[in-house]
Amino acid sequence: MAATEQTIDQVRELTEGKYKYGFFTDIESEMAPKGLSEDIVRFISAKKGEPDWLLDWRLRAYRHWLTMAEPDWGKLHYPPIDYQDAYYYAAPKVKEKPKSLDEVDPELLKTYEKLGIPLKEQAILAGVEGAGDMPAVAVDAVFDSVSVATTFKKKLEEKGIIFCSISEAIQTHPELVRQYLGTVVPYSDNYFATLNSAVFTDGSFVYIPKGVRCPMELSTYFRINAKNTGQFERTLIIADEGSYVSYLEGCTAPQRDENQLHAAVVELVALNDATIKYSTVQNWYPGDENGKGGIYNFVTKRAACRGKNSKVSWTQVETGSAITWKYPSCILQGDNSVGEFYSVAITNNMQQADTGTKMIHIGKNTRSTIVSKGISAGKAQNTYRGLVRILPKAEGARNYTQCDSLLIGDKCGAHTVPYIESKNRSARIEHEATTAKISEDQLFYCRQRGLAEEDAVSLIVNGFCKEVLKELPMEFAVEAQKLVAISLEGSVG
Amino acid sequence: MPLIEIKNLHASVDGKEILKGIDLTIDAGEVHAIMGPNGSGKSTLSYVLAGRDGYEVTDGSVTFAGVDLLALEPEERAAAGLFLAFQYPVEIPGVSNTTFLKEALNAIRKTRGEPALDAMQFLKLIRAKAKDLSMTDEMIKRAVNVGFSGGEKKRNEALQMAVLQPKLAILDETDSGLDIDALRIVAEGVNALRSPERAMLVITHYQRLLDYIVPDVVHVLAHGRIQRTGGKELALELEAKGYAEFGADEAA
């Protein structure tokens, strides 16, 4: 069928569908019924007023998804997910929002306090009713001030930087979105990415024009708008020739969500001489001590270093979620392009993480660095899984991989699964791996100097993670250190 | 009132009794040395006083600065003013000396109800103390004991002691692994901390260290008990005669 015909058909289907399916008649409705079907996909697209090409893309993804099977190669154990038992658009609130901070779980507030999060931000994070709409009170506190956010926005506009939600970008810059969406992670890529392509609701869009160095961490701005991140996020960042951007996703504060399943997709495109630094702090609810109620986090993050001398650096601190399945990767296409992956993954109690990276060397003299620090406590299982692939034309490619695991207690596990494939004889690949336990000697030494046992553990673990934490933007590094401590509470003694 | 009073202290490791009734009293301002053959219980005594796991006190009491020392956690003992200079200082990769000591000092200050030092105040303090021990800025920035030579590790222990200003410093075989120059630097650092408010317990196998840190009282520990107590001349006597008179298990 010709493309135009197909589109006409789809438009007809969509308009006629209104009569065929009850809920379609009420386009103002804020929610779609439970379950996943073509109609739900159409509903989402229609709600967002998307162009036909995007609906078509979503539908192709959905149809492809139906033919796929959930991957089972991760070292993860969880009960089967019932995809029909979930809401894919605007899930109704199950319980009422707390009216004030007094009604919020004191445990949660304690954690916020330890992280040093300002009161107003605590209210937003805890989902206190109306908290996000409150007028800004403290103008000096960067994170708190709407006026500061506005200033930022103006500054970005002056530079020609586009930074908005992807829904907004689809309306305002459809040509850019269409040019790049799905070019790094195709809709057929993998089970979870394909699901995301069909039903993604929102996410961020960034475009840095040629030669522009983004004057600020996009984190500060993002964080203010982070209260409704959603279940199926889709983020697209394009750094045009010679540009630079540092982007920070997530939040150190523990985040609860009524949706157990999260499947985000992040695509990064770096053109000639462009650099993207992408930092993540993931602290979704890990579940209780028995792992009950935690988030399942299946994320596809991939960067295309398309241009010569382009560079993408992923830094992640993963402390949350019951299940983490995540491999931020770099396709090193441009000659002399550089990929980096710095990761700290902490699992405690019943948490399971299967995380790592893929470095695909295509261009000449491409270089990649992988530094992974896995910390496992309680009954948790922590797996590093990484692929380094050198293709035949990647003359002079180099990779350095360092995987360190730290065990706390004797009921947890650490696993390292490196895959190395080299098709070019000039490539140099180095892999180092260590596994250690926090020794009784170290703990006693610290305690003899006056540190309480938990503070000693936190100090030792922070030391262990130092190489990665120092890659984080300054403003986040301090919080991340505290987060490391909090994640391991109750892991000793 | 004595600074520390140890009465009839019995302690076991893995069910084996090592200390078999130690009686020892040290007043503020005094430096005591404990000498003894290998396996006599010298290091066990230092670990028991510092509260290490696995060292079980089966009888006796220890009163330190008026409190029941044995009831305290190791970190509480540190806050109360007890410091142990380790025979084998432990490495902590990725944690700088400065960070480690700042955290430790502020934890102790917090327990004592004193305000924490900020980064600048602390840096000033540690730099001054490091200078006294001929330690460079580079050394205090390095990770705790990582890549340090034997002598540097012991100097680092002396630095920690100088920063934490304990009431009682226990020096466990501080001379082991030191050449004569390193020994002198460390001893000078320790001597600089001698004061009427502070006591020291110097544990050593050899008399050599006591040429540099001259004790007021010398005890001989063998078979889990203090066998003899005397002045600094006792150390010289032991150096000449060895521990044979105490039925030493030296050969073991």
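Located above this text is the structure these notes cover.
First, a word on what this report is: a plain description of the structure on this page.

1. Brief notes about the nonpolar core
Core analysis: the largest hydrophobic core is formed by 67 residues, its most contacted members being Ile375(A), Val461(A), Leu488(A), Leu49(B) and Phe100(B). Among the elements that make up this core, the one with the highest residue count is helix H13 (residues 453-469) of chain A (nine residues). Residues in contact with Leu488(A), not counting those within four places in the same chain, are Ile346(A), Asn348(A), Ile375(A), Ala377(A), Ile408(A), Val457(A) and Val461(A). Within the second largest apolar cluster, 52 residues are counted, among which are Ile166(A), Val184(A), Val199(A) and Ala304(A).

2. Considering the pattern of salt bridges
Between side chains of opposite charge, pairing is possible as soon as their charged atoms come close. All chains considered together, the criterion is met by 32 salt bridges over all chains. A salt bridge links Glu157(B) to Arg449(A); its shortest N-O distance comes to 2.6 Å. Remark: Arg449(A) occurs in the loop between helix H12 (440-448) and H13 and Glu157(B) occurs in helix H6 (residues 150-164); the pair is interchain, linking two chains. The same class applies to Glu157(B) and to Arg449(A), which are both buried. Each of Glu38(A), Arg42(A) and Arg63(A) takes part in a single network of salt bridges with overlapping partners.

3. Description of the pairing of strand E8 (residues 296-305) of chain A
Looking along a regular strand, one sees the side chains alternate between the two faces of the sheet. All names here are of chain A. Here E8 lies mainly inside the structure; ten of its ten residues are buried. Side chains Tyr 296, Phe 298, Thr 300, Arg 302 and Ala 304 of E8 all project onto a buried face; the interleaved residues Asn 297, Val 299, Lys 301, Ala 303 and Cys 305 project onto the opposite face, where all are buried too. Sheet analysis places strand E5 (residues 261-262) next to E8, joined by two bridges and oriented parallel. Within E8, the residue paired with His 262 across the bridge is Asn 297. One ladder, built from six bridges, connects strand E6 (residues 265-270) with E8; its direction is parallel. Across the sheet, Val 266 pairs through a bridge with Lys 301, a residue of E8. In this sheet, strand E10 (residues 323-326) lies alongside E8 in parallel orientation, the contact comprising four bridges. Bridge pairing in E10 links Asn 297 to Thr 324.

4. Observations concerning the packing of aromatic side chains
Scanning all chains against the criterion turns up 24 aromatic pairs over all chains. Measuring from ring centre to ring centre gives 6.5 Å for Tyr296(A) and Phe298(A), while their planes differ by 85 degrees; the resulting arrangement is edge-to-face. Residue class for Phe298(A) comes out buried when judged on its relative accessible area of 1%. Ring centres of Phe444(A) and Tyr47(B) lie 5.9 Å apart, and the angle between their planes is 75 degrees; this geometry places the pair in the edge-to-face category. You can see Phe444(A) sitting in helix H12 and its partner Tyr47(B) sitting in helix H1 (residues 42-50), one on each of two chains. Taken together through their ring pairs, the aromatic side chains of Tyr62(A), Trp65(A), Trp73(A), Tyr78(A), Tyr83(A), Tyr191(A), Phe192(A), Tyr296(A), Phe298(A), Trp325(A) and Tyr327(A) make up a single cluster.

Parameters at a glance
Residues numbered from 1 in each chain as written. Chains lettered and ligands numbered in written order. Predicted model: local features only at pLDDT ≥ 70, side-chain atom pairs only at ≥ 80, totals over all residues. Heavy atoms only, no water. Core = buried A, V, L, I, M, F, W, Y, C linked by side-chain atoms within 4.5 Å. Buried < 20%, exposed > 50% of the residue type's maximum accessible area, 1.4 Å probe, protein only. Helix = DSSP H or I, 4+ residues; strand = E, 2+ residues; numbered from the N terminus. Contact = heavy atoms within 4.5 Å. Salt bridge = Lys/Arg side-chain N within 4 Å of Asp/Glu carboxyl O. Pairing = 2+ DSSP bridges. Phe/Tyr/Trp six-rings, centres within 6.5 Å; stacked < 30°, edge-to-face > 60°.

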